[in-house]
Amino acid sequence: MQKLRVAIIGQGRSGLNIHGKYFRSEANEVVEVVAVVDAIEFRREKAKSIWNCDVYADYTELYGRTDIDLVVNASYSHQHAPITKELLLHGFNVLTEKPFGKTWTETQELIHIAKQKNLVLAAFHQSLFAPNYTKFKEILASGIIGDVHQINLRYNGFARRWDWQTLQYFCAGGLYNTGPHPFGIALDLLEWDPAVRVDYCHMDTILTSGDGDDYAKVILGAPNRPVIDIEVDSADATSSYNFKALGSKGAVTISGKSYKIRYIKEEELEPRPVIRESLKNEAGEPIYCGEKLNWYTEEGTVEGDAFNIGTGTFYQMMYDRIRNGKPLAITPEMASEVIRVEEICHAMAPLPVKFGICDQE
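What comes next concerns the included structure. Just so you know, these numbers come straight off a predicted model, no measurement behind them.

Reading the values: the criteria
- Residues numbered from 1 in each chain as written.
- Predicted model: local features only at pLDDT ≥ 70, side-chain atom pairs only at ≥ 80, totals over all residues.
- Heavy atoms only, no water.
- Helix = DSSP H or I, 4+ residues; strand = E, 2+ residues; numbered from the N terminus.
- Expected span 1.5 Å × (residues − 1).
- Buried < 20%, exposed > 50% of the residue type's maximum accessible area, 1.4 Å probe, protein only.
- Contact = heavy atoms within 4.5 Å.
- Core = buried A, V, L, I, M, F, W, Y, C linked by side-chain atoms within 4.5 Å.
- Pairing = 2+ DSSP bridges.
- Axes fitted to C-alpha atoms, helices over the stretch in contact; angles between N-to-C directions.
- Parallel < 35°, antiparallel > 145°, perpendicular 65-115°, else oblique.
- Left-handed = near helix turned anticlockwise from the far one by under 90°.
- Nonpolar A, V, L, I, M, F, W, Y, C, P; charged D, E, K, R; others polar.
- Phe/Tyr/Trp six-rings, centres within 6.5 Å; stacked < 30°, edge-to-face > 60°.
- Lys NZ or Arg CZ within 6 Å of the ring centre and 35° of its normal.
- Salt bridge = Lys/Arg side-chain N within 4 Å of Asp/Glu carboxyl O.
- Disulfide = S-S within 2.5 Å.
- Polar contact = N/O pair within 3.5 Å; in protein donor to acceptor, adjacent residues only side chain to side chain.

With that out of the way, let us pick up helix H1 (residues 13-24). The terminal C-alpha atoms of H1 lie 14 Å apart, and with twelve residues this falls more than 12% below the ideal 16 Å at 1.5 Å per residue. Within the sequence span of H1, burial applies to Ser 14, Gly 15, Leu 16, Ile 18, His 19, Gly 20, Tyr 22 and Phe 23. Those residues of H1 that are buried are in contact with strand S1 (4-9), strand S2 (31-37), helix H2 (41-51), strand S4 (70-73), strand S5 (94-96) and helix H8 (306-324).

If you want it as structure tokens, here you go:
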């Protein structure tokens with residue numbers, strides 16, 4: 001197997017501890033790191049010691065190299081789109097971290113350039129391959145909980161932040177940082193319906209030191225589709241699940257790697273034709289509707305998560321696309337749709353900008 005020769009831009013948490021962690025793992029059979037770019041000398045030296053690769057202080061130093069199959073753009077969020085554009089213009093296949101861009105328009109420009117130059121372009125939506133999400137989809141598709149009318153997605157916890165990812169200037173805040181995970185999942189559950197709309201959005205700054213959101217409540221809808229209720233909340237001290245679906249026969253919840261299904265069997269239900277009169281007992285006294293349902297419960301766990309199984313599956317997809325010409329299961333058009341919806345949310349519930357670049361020096 002001829003591995004993908006990869007260059008990584010950025011050795012921060014994503015470049016080093018997500019992509020880099022997978023590249024260093026025994027599970028990696030498809031990637032060889034041949035170059036690392038980082039402005040900080042210490043990080044360059046560390047990368048050289050890990051991978052025995054070429055190191056550069058600036059991504060423009062990659063220009064002219066013809067032996068790189070894929071550049072992983074793990075730069076700052078506000079640099080994702082402009083750096084990806086420059087790399088595409090210089091002939092590189094690019095996998096960019098999330099967010100794909102700040103606006104739908106700039107992501108569409110990237111897609112246009114990639115198609116024009118016949119290059120591979122993708123955004124790192126590895127959560128769509130996470131085992132807990134694939135299990136969730138499997139349960140919904142089985143019909144065990146009936147027709148689904150509402151789905152809740154929770155990416156919640158309780159944590160204060162005060163770094164660059166709390167600043168709107170850097171295309172940051174919870175919706176841009178964490179939001180691509182649940183928004184990608186939501187749109188996938190809605191089968192990437194182009195008629196998806198944002199029915200409600202509220203954002204706030206609660207615990208963060210910056211001016212970006214650390215609380216977002218969003219409701220998505222589409223014709224003849226389930227309502228999807230999304231929360232990205234860093235001020236939730238009692239979060240109990242990640243995914244929940246309500247159906248006509250029951251419900252399913254998934255928290256981390258554990259899932260629970262509670263459902264009834266339709267064939268066991270007594271027919272209940274509508275009665276126009278008030279209900280009463282044998283003595284003629286008024287009563288409420290009520291019946292004893294026979295509930296069934298299934299529980300289990302899944303192995304792995306978005307950061308091992310999800311990442312590995314994503315890079316196998318990239319390998320198959322670049323080496324074997326197979327289509328991407330997660331396309332840049334899908335990633336662009338995530339940004340379109342997030343851009344609408346920011347327009348519906350804008351927060352005041354309190355910090356600019358000069359305030360960070």
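Next, the rest of the story.
If you look at the biggest cluster of nonpolar residues, it comprises 70 residues, and the most contacted ones within it are Phe 23, Phe 136, Leu 220 and Tyr 315. The next biggest cluster of nonpolar side chains, apart from the first, holds 26 residues, and it includes Tyr 59, Ile 83, Ile 113 and Ala 114.

So, on to the sheet that holds S5. The sheet built from six strands is open, its strands ordered S3-S2-S1-S4-S5-S6 with parallel pairing. Each end of this open sheet is capped by a strand with a single partner; those strands are strand S3 (54-56) and strand S6 (121-123). On average, each strand axis in the sheet is inclined to that of its neighbour by 25°, with strand direction left out of account. Across three bridges, the pairing between S4 and S5 is parallel. The residue of S5 that forms the bridge with Val 71 is Val 94. Packing against the sheet, H1 makes contact with S1, S2, S4 and S5, and its axis sits at approximately 165° to S1. The strands touched by helix H3 (residues 80-89) are S1, S4, S5 and S6; relative to S5, the strand with the most contacts, the crossing angle is about 175°.

All right, on to the packing of helix H5 (residues 131-142) against helix H7 (residues 180-189) then. Contact geometry for H5 and H7: axes closest at 12 Å, N-to-C directions at 25°. Looking at the two axes, H5 sits roughly parallel to H7. The element H5 and its partner H7 pack so that their crossing is right-handed. Along the contact surface, H5 presents Tyr 133, Phe 136, Lys 137 and Leu 140, while H7 presents Ile 185, Asp 188 and Leu 189. Class assignment for the residues of the contact of H5 with H7 results in five nonpolar, no polar and two charged.

What follows deals with unusual backbone geometry. Cis rather than trans, the peptide bond between Lys 98 and Pro 99 has omega equal to -5°. Inspection of the secondary structure assignment puts Pro 99 in the loop between S5 and helix H4 (104-116). In this model, Asn 52 sits at a positive phi of 50°, which is unusual for a non-glycine residue. Residue position: Asn 52 is located in the loop between H2 and S3.

If you trace the eight strands from one edge of the open sheet to the other, you get S8-S9-S10-S7-S11-S12-S13-S14, paired in mixed fashion. Each edge of the open sheet is held by one strand with a lone partner, namely strand S8 (197-204) and strand S14 (296-301). If you compare each strand with its neighbour and ignore which way they point, the axes differ by 10° on average. Running over the sheet, helix H9 (residues 332-348) touches S8 and strand S9 (215-221) and is turned about 55° from S8.

What follows covers the packing of aromatic side chains. One pass over the full model with this rule turns up 14 aromatic pairs. When the ring of Tyr 76 is compared with that of Trp 164, the centres are 4.8 Å apart and the planes differ by 75°; the resulting orientation is edge-to-face. Within this pair, whereas Tyr 76 is found in the loop between S4 and H3, its partner Trp 164 is found in the loop between strand S7 (148-156) and helix H6 (174-177), the two being separated by 88 residues in sequence. In this structure Trp 164 comes out as partly exposed when scored by relative accessible area, which is 22%. The ring centre of Trp 295 lies 4.0 Å from the NZ or CZ of Arg 262, which sits over that ring. Over the ring of Tyr 296 we find Lys 265; its NZ or CZ atom is 4.3 Å from the centre of that ring.

This next bit is on the pattern of salt bridges. When their charged atoms lie close together, side chains carrying opposite charge are able to pair. By the definition in use, this model includes 24 salt bridges. Two residues, Asp 188 and Lys 137, come together in a salt bridge whose shortest N-O distance is 3.1 Å. One end of the pair, Asp 188, is in helix H7; the other, Lys 137, is in helix H5, and 51 residues separate them in sequence.

Under the criterion given, the structure shown has zero disulfides. Unpaired in this structure, Cys 345 has its nearest cysteine sulfur neighbour in Cys 201, at a distance of 4.1 Å. Judged by relative accessible area, Cys 345 falls into the buried class, the value being 0%.

What describes two packed helices is the angle between their axes and the distance between those same axes. Running from amino to carboxyl end, H3 crosses H4 at an angle of 15°, the nearest separation of the two axes being 10 Å. Taken together, H3 and H4 sit at an angle that is classed as roughly parallel. As for the relative orientation of H3 and H4, their crossing is left-handed in sense. Mapping the contact onto sequence places Ala 81, Thr 84, Lys 85, Leu 88 and Leu 89 in H3 and Glu 106, Glu 109, Leu 110, Ile 113 and Ala 114 in H4. A per-class count over the contact of H3 with H4 returns six nonpolar, one polar and three charged.

This next bit is on the side chain of Asn 177. By the element assignment, Asn 177 lies in helix H6. At 2.8 Å, the side chain of Asn 177 and the backbone oxygen of Gln 165 are in polar contact. Apart from the residues within four sequence positions on either side, Asn 177 is in contact with Ser 77, Gln 165 and Ala 172.

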